[in-house]
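# Observations on chain architecture
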Amino acid sequence: MYVHVPFCLKKCFYCDFYSVPYSKTKTQTYIKYLEREIQEFKKLIANRKVNTLYLGGGTPNSITEEDFQKIYQNIYDNFNLDLQEFTVEINPGAGLSPEFLKNIGVNRISIGIQSLNNKSLNSIGRVHNADDAINCLKKYSKYFDNLSCDLMLGIPYQTKGDITYFIDRVAEYIKHISVYMLEVPQNSKLKSMINSGLKVASEDELADLYIFTSNELKKYKFKQYEISNFSLPSYQSKHNLMYWSYMDYIGLGPTACSKIGNIRYANTNDFYYKKEFQELSKNEMENEFIMLSLRLSTGLNLEIFKEIFGANFLDKYSNKLKPIEQYFDVDNSFIKIKSEYLIFENSLLVELLDF
Amino acid sequence: MNKQELTRNFCIIAHIDHGKSTLADRIIEATGAVSKREFKNQILDSMDLERERGITIKLTPVTMKYKRDDKVYTFNLIDTPGHVDFTYEVSRSLAACEGAILIVDASQGIEAQTLTNVYLALENDLTIIPTINKIDLASAQPDLVKQEIEDIIGLDASDAPLISAKEGIGIIPLLDKIIDVIPHPTGDCTKPLKALIFDSMYDNFKGAICNVRIVEGSVKKGDLIKMFSNGKEFECTEVGIFTPSMLAVESLNAGDVGYLAASIKNVKDTSVGDTITTVTNPAKEPLVGYKKASPMVFAGIYPADGSRYNDLREAMEKLNLNDAALIFEPESSGALGFGFRVGFLGLLHMEIIVERLEREFDLDLVTTAPSVVYKVIKTDGIEVSVDNPTHFPNPTEIEKILEPVVEANIYTPPEYVGPIMELCQDKRGEYLNMTYIDTSRVKIDYKIPLSEIIYDFFDILKSRSKGYASLDYEIIGYEPNALVKLDFLLNGEVCDALSLIVHKDFAYTRGRSVAEKLKDAIPRQMFEIPIQASIGSKVIARETVKALRKDVLAKCYGGDISRKKKLLEKQKEGKKRMRQVGSVQIPSEAFMSILKYDGR
């Protein structure tokens, strides 16, 4: 289960997620909408177990502990929680104490650090600086073993030295890291800054930085398990693995999406959101299954594919695989994109899939 | 007065934007042939494309009644296309007339194209009424233009009507002049039928329809008719006139202009310039001047999306019903898949056909570089005609290559003579002659290989003369030249659709320029792509498309799936427009972009 908390103290310049400035009264409205949505989903999923809970944003730690408690309580009261993982995304410098989160049952924290270069942080509109980030890591690490952080590649003023420094500084605190190559959304503030001369990495430079970063991470035994995610053994994000393995999930809050069986629900991009739904055809589901599972280092599970879609993947796609087979590894139960070609996933999917 | 004495058959000759269609509109309005309600501008130009481009491609004749004093005259106006590609069609429509209105723009004077058609009209013994149009313009200089007409063409222009077709000025006096000056048709109605086909078109219900001028004899429904060129016989199902919509009449008689339908299935049986006679009482000789339209320029046309080959075939067949000059046969290319080799009268004809296919049939096309027809003498003495560089014999089997050459007549204001002569020299031109027509106009004659004309000659000519120069050309024969086949290799494999025939002295420059353009047009792929230009096995230019470094969406969680799928779908759409050469994918647009004149 995912809960989108749409509040931020300030919007970052590269961000195109749905968020609004934090306000106490708006939070109450938001909680009311969540309560309504919880009742809707309760009917849909009946007593199915919820294994992972993830509060993302936005900035989940921009709301008060009292409001956070309300949201959690409501979920707890209405669903059959059997949580193996309970993650909260936080941004350095905002609220929610580690004690509070620990007490409520959170067992994984994901910190939006992005960079430890103050000039870079400032240029992309982050509210925190490098010291805030390190302090935040130190503070939460006292309570949580399972810490993750984000590192963003390609932002202004970033050097390879910055990346090495970043990894050297955070490695002792974290078990997991998400490495995102900068994508500049069309209507973002960053886009207009770039148009007026701000430099960000080119596509080629991004590829360089990405390869550089994954090598740096190897020094600390971080292993890639998805295109943008690295972890120490057994610290992969269970919640996110669930998306890539195409399991069912429900998402609450504005813009959140859910998949239950062959139905996709999507909340509108709006504070007073509505729910839209779409029935997925067999072919659509098959495409989604392939495009998601090939993001993983382990690749696509051939047996599960056969179970869900009733066909042998290697037979069904043999013609399409033939000209691109050098980019894949196949072993008894998986087909995967070779790690050095994961950053070409789109090119390979376009060869493989028919829409 | 008999009917012939009350009939006038005429056409309008004009440079492309000197106002021909507008004058036709005014004449139709003045005679009331079309009601105000049905009227639209350029009424005789039946295709949207013609209206948009302001040019006439298909000829639509119209029969009108004009009353003067107590007599009712029949006017047959035959509109003519105004471009060098269609000279032959123009000459046949001129042959259907006794007179021509020559429109000259009061501010622009005579243009090269006007002259070509005037000479054609004079060859056909037409009476010409020089008419000065656009006299409402502030820049109009009717006296200068009159002088020009007398100096250049040698026609008496002293009492040339001064009109403004746009403003409707001087139209009635012009109509009177038509009656007074243009001779009425003659021809014996009792003699065997001789009908000149000056155009044909296809009608879904009536079959191929011939637009005819009856020169001698008469024809009516039920007559058994015969085509002189191929001897095919048909039963006439309908004769009629254009008002401008088709109106059936009892019979068409010597001097008349109208149409004839005979359930003819193939428009190719109704060749422009052919003579129709009757089976029962045939004429002994056909009318003179029949010439089969022969295509000069060939190009491959392929659907951008390979799966639409059948749609393209159907579209070609439909267009062909109405355009007998269009010649095509299926061809296949390693790079482009299945398509057609198409012959055109010239580049404009090619451009029009491609545009009509795309517009009227909603197709997206890839066109290969236009080629002329080469004559290759092989070492064993056998001569072959080659219209597709791909089919060139192996260099070791070639004794000699001949290419078509044209005499190009370029008309230009004197200040551009230098750059134009330089252009002609650059294009392997051989200087023939230069005449100062008057102080503002020079005629430059060059002998130039046709292949150079069809490449980018016209675009450069226009750009070097700020649009003032104009060009006519006529094929004058074949000449041997040092030509070579230039191939392009992508990742080591020849892309057949890109092969070109060039003069060996130009091979290096051309090879480099195309390789550079390909480098820009081919998107980066997962591996590096060498682009090579080669003559035989010798590589003369090389470029490289660097390997793509990444193609991935960084974030993909629960809420991103639909967005990611949309991105992939879009990418897949783009891929459908790609052609595969070996392992390399080339966007359809790349084939076009290398043909385009880039201003260099």
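Residues numbered from 1 in each chain as written. Chains lettered and ligands numbered in written order. Predicted model: local features only at pLDDT ≥ 70, side-chain atom pairs only at ≥ 80, totals over all residues. Heavy atoms only, no water.

## What to know about the sheet that holds strand S16 (residues 328-331) of chain A
Residues and elements named next belong to chain A. Across the sheet, which stays open at both edges, the 3 strands sit in the order S15-S17-S16 with antiparallel pairing between neighbours. Lying at the two open borders of the sheet, with one neighbouring strand each, are strand S15 (300-301) and S16. Looking at chain direction, S15 and strand S17 (residues 334-337) are connected through 2 bridges and run antiparallel. Looking at the pairing, leucine 300 lines up with isoleucine 335 of S17. (Pairing = 2+ DSSP bridges. Helix = DSSP H or I, 4+ residues; strand = E, 2+ residues; numbered from the N terminus.)

## Concerning the packing of helix H1 (residues 24-45) of chain A against helix H2 (residues 65-78) of chain A
All names here are of chain A. At a minimum axis separation of 10 Å, H1 and H2 run at an interaxial angle of 5°. Between H1 and H2, the crossing angle belongs to the class labelled roughly parallel. Residues Lys24, Thr27, Gln28, Tyr30, Ile31, Leu34, Glu35, Ile38, Gln39 and Lys42 of H1 form the contact with H2, whose participating residues are Glu66, Asp67, Lys70, Ile71, Asn74, Ile75 and Asn78. Its residues assigned to classes, the contact of H1 with H2 shows 6 nonpolar, 5 polar and 6 charged. (Axes fitted to C-alpha atoms, helices over the stretch in contact; angles between N-to-C directions. Parallel < 35°, antiparallel > 145°, perpendicular 65-115°, else oblique. Contact = heavy atoms within 4.5 Å. Nonpolar A, V, L, I, M, F, W, Y, C, P; charged D, E, K, R; others polar.)

## Topic: the packing of aromatic side chains
All told, the structure shown has 32 aromatic pairs over all chains when counted by the stated rule. Considering the side-chain rings of phenylalanine 271 of chain A and tyrosine 272 of chain A, the 5.2 Å spacing of their centres and the 85° angle between planes classify their relative orientation as edge-to-face. Pairing tyrosine 341 of chain A with phenylalanine 344 of chain A gives two aromatic rings, centres 6.3 Å apart and planes at 45°, and the pair type is tilted. An aromatic cluster of three or more residues is present, and its members are Phe7, Tyr22, Tyr30, Tyr33, Phe271, Tyr272 and Tyr273 of chain A. Positioned above the aromatic ring of phenylalanine 271 of chain A is the side chain of lysine 26 of chain A, whose terminal nitrogen or guanidinium carbon lies 4.5 Å from the ring centre. The positively charged end of lysine 555 of chain B is found above the aromatic ring belonging to tyrosine 180 of chain A, 4.4 Å away from the centroid. (Phe/Tyr/Trp six-rings, centres within 6.5 Å; stacked < 30°, edge-to-face > 60°. Lys NZ or Arg CZ within 6 Å of the ring centre and 35° of its normal.)

## Structural notes on helix H5 (residues 142-153) of chain B
All names here are of chain B. With 12 residues, H5 ought to run about 16 Å at 1.5 Å a step, and its terminal C-alpha atoms sit 16 Å apart, in line with that. Among the residues of H5, Val145, Lys146, Glu148, Ile149, Ile152 and Ile153 are the ones counted as buried. One side of H5 holds all its buried residues, which, seen down the axis, span an arc of 160°. Facing away from the buried side of H5, by more than 90 degrees, are the exposed residues Asp143 and Leu144. Glycine 154 sits one or two positions beyond H5 and adopts a positive phi of about 80°. (Expected span 1.5 Å × (residues − 1). Buried < 20%, exposed > 50% of the residue type's maximum accessible area, 1.4 Å probe, protein only. Arc of directions from axis to C-beta.)

## Examining the domain arrangement of chain A
All names here are of chain A. Per the domain assignment, the segments of chain A are domain 1 (2-242) and domain 2 (281-355). Each of domain 1 and domain 2 has a C-alpha centre, and these two points are 29 Å apart. On the side of domain 2, 6 residues touch domain 1, which itself brings 9 residues to the contact. For the pair domain 1 and domain 2, the summed buried area comes to about 700 Å², and 65% of that belongs to carbon and sulfur atoms. Taken as a group, Gln224, Glu226 and Ile227 account for 59% of the area that domain 1 buries against domain 2, more than any other trio of residues on that side. Here glutamate 226 ties to arginine 295 by a salt bridge, and the two come within 2.6 Å at their closest N and O atoms. Inspection of the region where domain 1 meets domain 2 yields 4 residue pairs in polar contact (both at pLDDT 80 or more). Broken down by element, the residue count for the side of domain 1 that touches domain 2 peaks at 3 residues, all from strand S9 (residues 223-226). (Domains from an automatic or database assignment. Buried area = accessible area lost by both parts, 1.4 Å probe. Salt bridge = Lys/Arg side-chain N within 4 Å of Asp/Glu carboxyl O. Polar contact = N/O pair within 3.5 Å; in protein donor to acceptor, adjacent residues only side chain to side chain.)

## A closer look at the pattern of salt bridges
Scanning the entire structure with this criterion turns up 48 salt bridges over all chains. Aspartate 159 of chain B is the salt-bridge partner of lysine 177 of chain B, the closest N and O atoms lying 3.3 Å from each other. Of the two residues, lysine 177 of chain B is situated in helix H6 (residues 171-181) and aspartate 159 of chain B in the loop between H5 and H6; the sequence distance between them amounts to 18 residues. Salt bridges sharing partners connect three or more residues here, namely Glu226, Arg295 and Glu345 of chain A together with Lys564 of chain B.

## Some points on the nonpolar core
If you look at the biggest cluster of nonpolar residues, it comprises 117 residues, and the most contacted ones within it are Leu101, Ile109, Ile177, Ile290, Phe313, Phe328 and Leu352 of chain A. Broken down by element, the residue count for this core peaks at 7 residues, all from H1 of chain A. Viewed by domain, this core spans two of them, domain 1 (2-242) and domain 2 (281-355) of chain A, each represented by three or more residues. Among residues more than four places away in sequence, those in contact with isoleucine 177 of chain A are Ser148, Cys149, Leu151, Phe166, Leu217, Phe222, Ser228, Asn229 and Phe230 of chain A. The next biggest cluster of nonpolar side chains, apart from the first, holds 48 residues, and it includes Tyr309, Ile398, Ile448 and Phe457 of chain B. (Core = buried A, V, L, I, M, F, W, Y, C linked by side-chain atoms within 4.5 Å.)

## Looking at the interface of chain B and chain A
At the junction of the two partners, chain B supplies 26 residues and chain A supplies 41 residues. Buried area between chain B and chain A, summed over both chains or domains, comes out near 3,300 Å², and the portion from carbon and sulfur atoms is 57%. Looking only at chain B, the three residues that lose the most surface to chain A are Met526, Arg549 and Lys550 of chain B, adding up to 22% of its buried area. With a closest N to O distance of 3.2 Å, glutamate 345 of chain A and lysine 564 of chain B form a salt bridge. Scanning the region where chain B abuts chain A turns up 22 residue pairs in polar contact (both at pLDDT 80 or more). Counting residues per element, the side of chain B that touches chain A draws most heavily on helix H12 (residues 561-576) of chain B, at 10 residues. For the side of chain B that touches chain A, the residue count by class is 10 nonpolar, 5 polar and 11 charged.

## Here's the deal with helix H8 (residues 347-360) of chain B
If you check H8 of chain B, its first and last C-alpha atoms are 19 Å apart, about what 14 residues at 1.5 Å a residue would give, namely 20 Å. Those residues of H8 of chain B not exposed but buried are Leu348, His349, Met350, Ile352, Ile353, Val354, Arg356 and Leu357 of chain B.

## Some remarks on the sheet that holds strand S12 (residues 246-249) of chain B
In sheet architecture, strand pairing relies on hydrogen bonds along the backbone and comes in two forms, parallel and antiparallel. Residues and elements named next belong to chain B. As summarised here, the arrangement of the 8 strands in space is S10-S9-S15-S6-S7-S14-S11-S12, forming an open sheet in which the pairing is antiparallel. Both outer strands of the open sheet, strand S10 (233-235) and S12, are each paired with one neighbouring strand and no more. Looking at each pair of strands side by side, their axes are set apart by 40° on average, direction ignored.

## Considering the side chain of serine 62 of chain A
Residues and elements named next belong to chain A. With respect to the helices and strands, serine 62 occurs in the loop between strand S4 (49-57) and H2. From its side chain, serine 62 meets the backbone oxygen of phenylalanine 7 in a polar contact 3.4 Å long. For serine 62, the contacting residues outside a window of four places in its chain are Phe7, Cys8, Leu9 and Tyr22.

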